[in-house]
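# Fold and geometry: a report
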Amino acid sequence: MRNIYIVGFMGTGKTSISKALAEDLGLNYISMDNVIEERENRTINDIFAEEGEEYFRSLEREVLEEIAGNEGQVVDTGGGVVLDEENVKNMKNSGTVICLWSDPGTIRKHTQKHGHRPLLNVENPEERIQELIECRRPFYVKASDFHIDTSGGEKKIILGRIKDCLSGGEE
Ligand code: S3P
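A short tour of the structure in this document, coming up. (Residues numbered from 1 in each chain as written. Predicted model: local features only at pLDDT ≥ 70, side-chain atom pairs only at ≥ 80, totals over all residues. Heavy atoms only, no water.)

### Quick look at the environment of Leu-119
Note that Leu-119 resides in the loop between α6 (104–112) and α7 (125–143). The class for Leu-119 is buried, based on a relative accessible area of 13%. Taking the C-alpha atoms as reference points, Leu-119 and Ile-129, separated by ten residues in sequence, lie 9.1 Å from one another. (Helix = DSSP H or I, 4+ residues; strand = E, 2+ residues; numbered from the N terminus. Buried < 20%, exposed > 50% of the residue type's maximum accessible area, 1.4 Å probe, protein only.)

### Looking at the pattern of salt bridges
Within this structure, the stated rule accounts for 13 salt bridges. Here Arg-42 ties to Glu-51 by a salt bridge, and the two come within 2.9 Å at their closest N and O atoms. Its relative accessible area of 39% is what places Glu-51 among the partly exposed residues. Residue Glu-126 is joined to Arg-108 by a salt bridge in which the shortest nitrogen-to-oxygen separation is 3.0 Å. On the criterion of sequence distance, the pair formed by Glu-126 in helix α7 and Arg-108 in helix α6 is long-range, its members being 18 residues apart. Judged by its relative accessible area of 43%, Glu-126 is partly exposed. One network of salt bridges, in which partners are shared, links Glu-40, Arg-42, Glu-50 and Glu-51. (Salt bridge = Lys/Arg side-chain N within 4 Å of Asp/Glu carboxyl O.)

Following this line, the structure appears as structure tokens:
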């Protein structure tokens, strides 16, 4: 069984959807950010603050390469995983890539409750979200086999759409 990679911007529902999908399909759930935090024994915030983003990206690359060597997993990726060409190759070669998409307002709502995202711990997160979305949009498009809008969507309906995609249904 090939892997299913859930990619998408921060706050689009990757974690909640990945867990539910894994349970529904009887696959293993794996969170890249959790693996990185466990391995480093510190939070993503601390890794960014103490080592910088480049260091985090190299860990991300390493962890994805390992994950791609296993099968039958729903992989909850970090929002920036698509920025690296090697990561995209590894995901495409070992599974199906599903991108979750939301409008900036929904993303802001979902991310403002938590402070664990270093890239959004800035003075004007709304502006930052807009900038990052614009810059990353082509990467999500290129990396993904399917795109699902999760704004305001019920989890059950979103899961149904993902399963349609996986079974060769409509995009
Ligand atoms: C990042 C997203 C985060 C985490 C890190 C960097 C990004 O994961 O990997 O803070 O570059 O978009 P989530 O998308 O799960 O928040």
